[in-house]
Amino acid sequence: MIILGIETSCDETAAAVVENGTKILSNVVASSVELHQKTGGIIPEIAAREQIKCIIPVINEAIKQSSNITINNIDALTVTIGPGLIGSLLVGVETARTLAYVWKKPIIPINHLQAHLYANWLISENSAPQFPVIALVVSGGHTDLVLMKNHGKIKWLGGTRDDAAGECFDKAARVLGLGYPGGPAIAAEAEKLDASRYPLAAKLPRPMIDDDNFDFSFSGLKTAVINRVKEQENKRVKIDMPQFAFEIQEAITDVLVAKTIRAAQKYQVKSILLAGGVAANSRLREKLSNHPIIQSSSYQLFVPPPKLCTDNATDIAACAFFNYQPVPWEKIKVEPGLRIC
Ligand code: KG4
Ligand code: ZN
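Small disclaimer: the values here were computed from a predicted structure and weren't measured. (Residues numbered from 1 in each chain as written. Chains lettered and ligands numbered in written order. Predicted model: local features only at pLDDT ≥ 70, side-chain atom pairs only at ≥ 80, totals over all residues. Heavy atoms only, no water.)

## Notes on the coordination of the zinc ion (ligand 2)
Move 1: Surrounding the zinc ion (ligand 2) are the protein donor atoms His112 (NE2), His116 (NE2) and Asp311 (OD), at 2.0 to 2.1 Å.
Move 2: Motif for the zinc ion (ligand 2), donor spacing along one chain: H-x3-H-x194-D. One end of the pair, His116, is in helix H4 (residues 112–117); the other, Asp311, is in the loop between helix H11 (306–309) and helix H12 (314–322), and 195 residues separate them in sequence.
Move 3: Its relative accessible area of 1% is what places His116 among the buried residues.
Move 4: Assessed through its relative accessible area of 15%, Asp311 is described here as buried. (Donors = N, O, S within 2.8 Å, 3.2 Å for Na, K, Ca; no water. Helix = DSSP H or I, 4+ residues; strand = E, 2+ residues; numbered from the N terminus. Buried < 20%, exposed > 50% of the residue type's maximum accessible area, 1.4 Å probe, protein only.)

As structure tokens, this is what we get:
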């Protein structure tokens, strides 16, 4: 089955063609990140206006790049309905609804956060995650730990009580003047650290790391970062950027790894999945893969390539294949506040 996916939940405009939920035939992403870099963050109105301009060229390009595929070979359309920015979501949803009507194709509405999970089915056509699965979904606006017993059977175990992990990276980068998006900027600074300069000096908190639940909280960590920056400014001491960035990254990733491993142990799962933009973070990926529990047990760890962690439409198409529930196009509407399940 060939599915054309459309994704416009944040500032990206993406379209992709995927075969049987596992084989990427094309993956086109247009981003307006350069415009948002000027303002230090996304201005929703500007993002949506850019998306209106490029949605049709992006869809055309996705079909063109998937060799031997024409509109006739496409079996179904799918689109992100939420969560996300309302103006941005509307661009994708209205375009997809119109195409489904004109082309007379089935259309499947998809939850963006559930779709992130499906990047793990696109890593290889030969090895799919085995259920039950524990998945950590870490994006710009969400941090959720879920238990998947099968496709469509997702149980929410916990999530952030305040800021998301990605938001913490983005806000920390902003106070440090590292620009937008903050995650890759902090990661790039941290990479410059000379490992011989341990131990860590700032001793940032690891909020809720030992709590007996699967919730997270990153706002205290964000405040600790802001306080530390002010303190250094008052003392007129220049911040050692690579070291401080490394410490921030360590604090965030320590909590994410500890809770994910604990959830995997509690629910005795077969596979552990990483998903969402923050899953592109190489330190998070490294810490999970090298964790003694992962090394010494039979868990299968799935970590999508960074390009499939951040927003794109391949995972929307994969999610629609494994959760194939078409809806009449007239009934599809945006749901900006959708939760993962
Ligand atoms: O999933 P995503 O692309 O968009 C949303 O659905 O939100 O996630 C975006 C988030 C941003 O907060 C960005 O800073 C973060 O993912 N991110 C990273 C990295 N790449 C993207 N965070 C840490 N390290 C990275 N390499
Ligand atoms: Zn996302």
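## A few points about the pattern of salt bridges
Move 1: All told, the structure shown has 13 salt bridges when counted by the stated rule.
Move 2: For Arg206, the salt bridge is made with Asp254, and the minimal N-O distance between the two is 3.0 Å. Within this pair, whereas Arg206 is found in the loop between helix H6 (182–191) and helix H7 (219–234), its partner Asp254 is found in helix H8 (residues 241–267), the two being separated by 48 residues in sequence.
Move 3: Judged by its relative accessible area of 24%, Arg206 falls in the partly exposed class.
Move 4: Note on Asp254: relative accessible area 23%, which makes it partly exposed. (Salt bridge = Lys/Arg side-chain N within 4 Å of Asp/Glu carboxyl O.)

## Describing the site of ligand 1
Move 1: In the vicinity of ligand 1 lie 19 residues, with Gly140, Asp170, Gly183, Gly277 and Asn281 positioned nearest.
Move 2: The backbone of Gly140 places a nitrogen or oxygen atom 2.8 Å from an oxygen atom of ligand 1.
Move 3: Between ligand 1 and the protein, one listed contact pairs an oxygen atom with a side-chain N or O atom of Asp170 at 2.7 Å.
Move 4: When the free accessible area of ligand 1 is taken as 550 Å², the share hidden by the protein chains comes to 87%. (Near = heavy atom within 4 Å. Polar contact = N/O pair within 3.5 Å; in protein donor to acceptor, adjacent residues only side chain to side chain. Areas by Shrake-Rupley, 256 points an atom, 1.4 Å probe, with all protein chains shown as cover.)

## Remarks on a positive patch on the surface
Move 1: Together, Lys149, Lys153, Lys155 and Lys266 line one region of the surface with positive charge.
Move 2: Summarising the element assignment, Lys155 is placed in strand S8 (residues 153–159).
Move 3: Looking at Lys155, the relative accessible area reads 46%, which means it is partly exposed. (Patch = residues over 30% accessible without salt bridge, like charges linked within 9 Å, V, L, I, M, F, W, Y side chains within 5 Å. Lys, Arg positive; Asp, Glu negative; His and termini not counted. Charge placed at Lys NZ, Arg CZ, Asp CG, Glu CD.)

## Details of the sheet that holds strand S1 (residues 2–7)
Move 1: Taken together, five strands build an open sheet; the order of strands is S3-S2-S1-S4-S5 and the sheet is mixed. The open sheet has two edge strands, strand S3 (23–31) and strand S5 (107–111), and neither has a second partner. Between one strand axis and the next, the sheet turns by 20° as a mean value, whatever way the strands run.
Move 2: Examined bridge by bridge, strand S4 (residues 76–82) and S5 share five bridges and lie parallel to one another. For Thr80, the partnering residue across the bridge sits in S5 and is Ile110.
Move 3: Of the strands in this sheet, S1, strand S2 (12–19) and S3 are in contact with helix H2 (residues 44–65), which crosses S2 at around 20°.
Move 4: Together, S1, S2, S3, S4 and S5 form the strand contacts of H12, whose direction differs from that of S1 by roughly 130°. (Pairing = 2+ DSSP bridges. Axes fitted to C-alpha atoms, helices over the stretch in contact; angles between N-to-C directions. Contact = heavy atoms within 4.5 Å.)

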